[in-house]
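# Topology and contacts: notes
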Amino acid sequence: MTQPSQPARSADVVVIGGGIHGSSAALYLAQRGLSVIVLEKDSVGRHASGVNAGGVRRLGRHLAEVPIAVRSRRIWATVADFLGDDCGFEVAPQMRLARSEEHLVAMRARVAEMQALGYHHEVMIGTNQIREYIHSLSDEVVGAVACLDDGFAQPYQTTFAIHRKARALGARFHEGVRALGLTREAGGDWRVATAEGDFTAPRVLLAGGLWSGEISATLGEPVPIIPFAPMMLVTTRLPPFCNAVVGAAGVPLSFKQMPNGTVVIGGGRPGRPDAATNRAETTFHPLRLSAQTCISLFPIMAEASVVRTWAGLEAEMPDQIPVVGPSLRHEGLYYAFGFSGHGFQLGLGMGEIMAELIATGATDVDLAPFSIGRFTGGAPAY
Ligand SMILES: Cc1cc2nc3c(=O)[nH]c(=O)nc-3n(C[C@H](O)[C@H](O)[C@H](O)COP(=O)(O)OP(=O)(O)OC[C@H]3O[C@@H](n4cnc5c(N)ncnc54)[C@H](O)[C@@H]3O)c2cc1C
């Protein structure tokens, strides 16, 4: 534990990245009494964590992610008290629509698999029940798999609320400060070089989203991050017709109507990412496909106009699950990045788990499937 006399540029842990994952880990580390410095090259929540669709979804998670998503959902339930900000969190069903018997067969198999593992939050629902939540629905829809108590939140508000609480607990954020490289000092501490001078700590968490691979590669752990720029669009206000966050089998879609009547549409249609310039450009043809999908599933959408579009920069891993856990080459180095388009919901639970791992050296959550070793090979080398 750090003493009060600790120099301003030293801490128990340096976190690289002020997105939801870095900020959340900083919060939970500080809550455990550790001193934390967070380095953010731009501003907190500037990238994926501030501009995502806000889906709080356990539905359809990779099996390895399910325990983390479940843990996160428990924290989401108390988020207003915990963070002193409701984060715009609303409980609502997340559902994935089926348009064929083949879709239904796959969904039933998934629900059965989840039940066999002891998870009961995913259920099949029929068209009558779907229509209770969606009042303008295509007759093509034949059923859905749903998680009735998932929801959505405001991404920027959430990431900022986490940041505020982390700061209130003593975490020190340095925005506009880019970690340029890491070296180990003779005494075992990490030295993180920046243009503003060096920062030192015995432990470092790399939570740098899309840019994480630049640093992990210099430490002998290269990862095949695929730059990804998922796009979003928002429409004019419509009368209330949808009280669910809706996806669909066989087509990229994330669809929800906000309390103010606007409809927010995403689902992972890609724009053009450019990590070097921090830019994510929208591309119109895929956005048009998104709009067409919406009109075909929800007839009322033919009345809507698009008012705004954007894209965010995200790190996608080839197997669609993040890199989480200790480095296999360096003691005191930890990773949490590569959330592949679905890391917002996980942010709170993941931060708690990373803090537990970093502070105690262990966690009861199985992080083996997320090991960086699946790309670099090998077992821990220390
Ligand atoms: C359009 C869109 C829609 C999405 N919708 C959803 C959704 O509905 N539900 C869901 O669960 N997820 C969703 N996601 C995914 C989710 O937003 C991300 O998985 C999550 O925000 C990743 O958080 P992060 O902290 O890992 O990364 P980021 O938010 O990218 O944060 C990483 C931070 O690290 C900083 N950084 C990087 N390198 C350095 C360095 N060397 N020095 C200092 N700082 C550095 C960056 O500037 C950045 O701010 C969506 C993503 C996008 C883009």
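Residues numbered from 1 in each chain as written. Predicted model: local features only at pLDDT ≥ 70, side-chain atom pairs only at ≥ 80, totals over all residues. Heavy atoms only, no water.

### Describing the site of the ligand
Taken together, 37 residues lie around the ligand, and E40, S49, G55, A179 and E314 are the ones closest in. Between the ligand and the protein, one listed contact pairs a nitrogen atom with a backbone N or O atom of K41 at 2.9 Å. In the model, an oxygen atom of the ligand is placed 3.2 Å from a nitrogen or oxygen of the H342 main chain. Looking at the shell around the ligand, the elements that each hand over two or more residues are helix 1 (20–31), strand 2 (36–40) and helix 2 (48–51). Among the elements that take part in the shell around the ligand, helix 2 stands out by supplying 3 residues, more than any other. (Near = heavy atom within 4 Å. Polar contact = N/O pair within 3.5 Å; in protein donor to acceptor, adjacent residues only side chain to side chain. Helix = DSSP H or I, 4+ residues; strand = E, 2+ residues; numbered from the N terminus.)

### A look at the packing of helix 1 against helix 10 (residues 347–360)
For the pair helix 1 and helix 10, the least separation of the axes is 7 Å and the interaxial angle reads 50°. By the angle between their axes, helix 1 is oblique relative to helix 10. Regarding helix 1 and helix 10, the two cross each other, and that crossing is right-handed. Residues I20, H21, S24, A25, Y28 and L29 of helix 1 form the contact with helix 10, whose participating residues are G347, L348, M350, G351, E352, M354, A355 and I358. (Axes fitted to C-alpha atoms, helices over the stretch in contact; angles between N-to-C directions. Parallel < 35°, antiparallel > 145°, perpendicular 65-115°, else oblique. Left-handed = near helix turned anticlockwise from the far one by under 90°. Contact = heavy atoms within 4.5 Å.)

### Notes on the pattern of salt bridges
Considering all chains together, one arrives at 16 salt bridges under this definition. The partner of D42 in a salt bridge is K41, with the nearest N and O atoms 2.6 Å apart. Judged by its relative accessible area of 22%, D42 falls in the partly exposed class. Residue R61 is joined to E65 by a salt bridge in which the shortest nitrogen-to-oxygen separation is 3.0 Å. Per residue, the accessibility class of R61 equals that of E65, and both read buried. (Salt bridge = Lys/Arg side-chain N within 4 Å of Asp/Glu carboxyl O. Buried < 20%, exposed > 50% of the residue type's maximum accessible area, 1.4 Å probe, protein only.)

### Some words on the domain arrangement of the chain
What the domain assignment reports for the chain is domain 1 (13–50 + 156–224 + 318–376) and domain 2 (91–149 + 230–311). Here domain 1 and domain 2 have C-alpha centroids that lie 31 Å from each other. (Domains from an automatic or database assignment.)

### A short note on the state of the cysteines
Among covalent bonds in proteins, the disulfide is the one between the sulfur atoms of two cysteines. As enumerated under the stated definition, the model contains 0 disulfides in all. C87 takes part in no disulfide bond, and the closest cysteine sulfur, belonging to C147, lies 19 Å away. (Disulfide = S-S within 2.5 Å.)

### Remarks on the pairing of strand 21 (residues 323–326)
Summarising the sheet, strand 21 and strand 22 (residues 333–337) pair through 4 bridges and their orientation is antiparallel. From the neighbouring strand, V323 faces strand 22, where its bridge partner is F337. Connecting strand 21 to the next strand, strand 22, in antiparallel fashion are 6 residues, including G332 with a positive phi near 80°. (Pairing = 2+ DSSP bridges.)

### Let's talk about the pairing of strand 16 (residues 263–266)
Every second residue of strand 16 is oriented toward a common face, with V263 and I265 on one face and V264 and G266 on the other, all of them buried. Strand direction decides the pairing type here: strand 13 (residues 231–235) and strand 16, joined by 2 bridges, are antiparallel. Within strand 16, the residue paired with L233 across the bridge is I265. Here strand 15 (residues 251–257) pairs with strand 16 via 4 bridges, running antiparallel. Pairing of F255 across the sheet is with I265, part of strand 16. Hairpin connection between strand 15 and strand 16: a loop of 5 residues separates the two successive antiparallel strands, and G261 in this loop has a positive phi of roughly 100°.

### Details of the environment of G247
As for its placement among the helices and strands, G247 is situated in strand 14 (residues 245–248). By relative accessible area, which is 11% here, G247 ends up buried. Considering only alpha carbons, one finds G247 and M95, 152 residues apart in sequence, at a separation of 6.0 Å. Every residue in contact with G247, bar those within four places of it in the chain, is listed here: M95, R96, L97 and L253.

### Brief notes about the side chain of S49
Relative to the helices and strands, S49 resides in helix 2. Classification of S49 by relative accessible area gives buried; the value is 13%. When neighbours within four sequence positions are excluded, S49 is seen to be in contact with G19, I20, P155, Y156 and T159.

### Focus on the sheet that holds strand 10 (residues 199–201)
Sheet architecture is open: 3 strands sit in the order 8-9-10, paired in antiparallel fashion. Taken across any chain shown, the strands that pair with only one partner, and hence form the sheet edges, are strand 8 (181–184) and strand 10. Averaged over all neighbouring strand pairs, the angle between strand axes comes to 25°, with direction disregarded. Relative to strand 10, strand 9 (residues 190–193) runs antiparallel, the two sharing 3 bridges. Bridge pairing in strand 10 places V192 opposite F199.

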